[in-house]
Amino acid sequence: MIQKSKIDLEATMEFLHSYLIIKSYYFGIKTGLFQENSKNRYPNKEYCHKWIDFFKRADYDHLLKEAFKKMRIEVDRSSLDLFDCMDRSSYFALLHSNHPNITLGFIKDADLWDLWLKGGIFELARRSVAEKDIIERGCKVLDIGCGSVSPLFYSELVGKSGSYAGVELSAPLSKLATLRLKENFLDQGSVRQEDAEKRLIFKKKYDVVVISFFLENSSNHKAVLKNALEALGYEGRILINSFLFADVEPEKRDLFDLYFSLIPSFRGFPKISEIVEVLELSGVGFRYNLLNKNMLMIDVNGR
C-alpha cells in the first residue's frame with residue numbers, strides 16, 4: 001500500500017501538469033496569444049505578456065507529445081477540479097487581475113476550496129502520510145495551513161490518546177474545520193485562526209508538524225519554519241507537501257506559475273535548498289528525505 005500511494009501521488013501530479021500543458025495550448029489558440037501582434041489585445045497586459053513570453057519559449061511539439069504519454073493513467077475526477085478552475089480563471093484574468101469570475105481565493109471562495117480539499121491531490125497526500133506511518137496513533141500533531149478537511153482526518157488518525165492542533169488564516173475554512181471536529185466529538189482536535197508567518201505561542205510540545213501545500217502561499221518561509229521548530233521543541237519531525245519544489249522539477253515552474261498566480265495568496269513555489277538553508281542557519285541538527293517529488297520529510301534532532 002505504501003508503494004501504491006507513492007506511485008499515485010507522483011503519477012497524479014505528472015498527469016495534472018500534462019493536463020495544464022494541453023489546457024494552455026488551447027488557451028493560446030482561443031485567445032490568439034500565440035500571435036506576435038496580440039500584445040495589446042487584452043486589458044491585463046501584465047498577465048497577457050507573461051503568457052506571450054511563455055509561448056515564445058515553449059516547444060509544444062515536444063510538450064504535447066510527452067503530455068499525452070503521461071495522461072494514460074486513471075485519476076480521481078476530483079483531482080482535475082481545481083485545475084479546471086485555474087484554466088477557466090485564466091481567461092478572465094486577461095481582462096482584470098481581480099475579475100469576480102476568478103474563484104480561487106481562500107476566503108472569498110472558501111466553499112470551493114472546501115470541496116477541492118476533500119479529494120484529489122490533497123486526499124492522496126493525507127493517505128500517503130497515514131500509510132507511511134509518519135503520524136501514528138498517540139502523536140501530538142501541529143498542522144500549519146490546515147484548511148477545512150485535514151483537521152478531521154488527522155484528529156481521527158492520532159486518536160483519543162493523541163492531540164491535534166491546526167493553524168488556518170482563512171476564517172471560513174477554520175470555522176468549517178472546527179464545526180466538523182465538534183460534530184464528530186473529536187475533543188483531541190482544535191483549530192486556531194492565526195497567521196503562521198507571525199510568531200505562534202505553543203503550550204505543548206508536538207511530535208510532528210505538517211506544512212501541507214502552504215509554503216507556496218507564504219512570503220516568509222523562515223518565520224513559518226521557525227514556528228515549526230519551536231512547536232517541536234527543536235526535536236521531532238516536519239512534513240512538507242508542495243505542488244512543486246522548484247529545484248526538484250524546474251521544468252514545470254513557468255507553467256505552474258502562470259496558473260497558480262491566479263490564487264490571490266500565491267507567492268511562489270518553495271525550493272528544498274532554501275528550506276535546508278533556513279534550518280542550517282537555525283543551528284538545529286537535522287536530516288531530510290524526499291519521499292516523493294512533492295513530499296519532504298525532515299527529522300530534527302536538537303540544537
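For the structure itself, look to the data block above.
Conventions used here
- Residues numbered from 1 in each chain as written.
- Predicted model: local features only at pLDDT ≥ 70, side-chain atom pairs only at ≥ 80, totals over all residues.
- Heavy atoms only, no water.
- Core = buried A, V, L, I, M, F, W, Y, C linked by side-chain atoms within 4.5 Å.
- Buried < 20%, exposed > 50% of the residue type's maximum accessible area, 1.4 Å probe, protein only.
- Contact = heavy atoms within 4.5 Å.
- Pairing = 2+ DSSP bridges.
- Helix = DSSP H or I, 4+ residues; strand = E, 2+ residues; numbered from the N terminus.
- Right-handed = clockwise from strand over helix to strand, strands pointing away.
- Axes fitted to C-alpha atoms, helices over the stretch in contact; angles between N-to-C directions.
- Patch = residues over 30% accessible without salt bridge, like charges linked within 9 Å, V, L, I, M, F, W, Y side chains within 5 Å.
- Areas by Shrake-Rupley, 256 points an atom, 1.4 Å probe, with all protein chains shown as cover.
- Salt bridge = Lys/Arg side-chain N within 4 Å of Asp/Glu carboxyl O.
- Lys, Arg positive; Asp, Glu negative; His and termini not counted.
- Charge placed at Lys NZ, Arg CZ, Asp CG, Glu CD.

Caption draft 1: Summary view of the nonpolar core. Counting 72 residues, the largest nonpolar core has Trp-51, Ile-135 and Phe-243 as its most contacted members. Once residues within four sequence positions are removed from consideration, Ile-135 is found in contact with Val-129, Val-141, Tyr-154, Leu-157, Val-158, Val-208 and Val-210. Counting residues in hydrophobic clusters, the runner-up holds 31 residues, among them Phe-202, Phe-245, Ile-272 and Leu-279.

Caption draft 2: Layout of the pairing of strand S3 (residues 189-192). Looking at chain direction, strand S2 (residues 163-167) and S3 are connected through four bridges and run parallel. Bridging across to S3, Gly-166 finds its partner in Val-191. Each parallel crossover has a hand, and the one from S2 via helix H8 (residues 171-183) to S3 is right-handed.

Caption draft 3: Highlighting the sheet that holds strand S7 (residues 295-301). Spatial strand order, S3-S2-S1-S4-S5-S7-S6: seven strands in an open sheet with mixed pairing. Each edge of the open sheet carries a strand with a single partner, namely S3 and strand S6 (286-292). Averaged over neighbouring strand pairs, the angle between their axes works out to 15 degrees when direction is ignored. Here six bridges tie S6 to S7, and the two strands are oriented antiparallel to one another. Within S7, the position partnered with Leu-290 by the bridge is Leu-296. Sitting on the sheet, helix H6 (residues 120-131) is in contact with strand S5 (235-241), S6 and S7, with an inclination near 40 degrees to S7. The strands touched by helix H11 (residues 272-282) within the sheet are S5, S6 and S7, with S6 carrying the most contacts at an inclination of about 160 degrees.

Caption draft 4: Broad picture of unusual backbone geometry. Located in the positive-phi region is Asp-133, a residue other than glycine, with phi close to 60 degrees. Inspection of the secondary structure puts Asp-133 in the loop between H6 and strand S1 (140-144). Backbone geometry at Phe-185 places phi at a positive 55 degrees, although glycine is not the residue there. When you line up the elements, Phe-185 lands in the loop between H8 and S3. Taking relative accessible area as the criterion, Phe-185 reaches 62% and is therefore assigned exposed.

Caption draft 5: Region of interest: a negative patch on the surface. On the surface, a cluster of negative charge is contributed by Asp-247, Glu-274, Glu-277 and Glu-280. Summarising the element assignment, Glu-277 is placed in helix H11. Owing to a relative accessible area of 45%, Glu-277 belongs among the partly exposed residues under this scheme.

As far as function goes, none of this settles anything; it's purely spatial.
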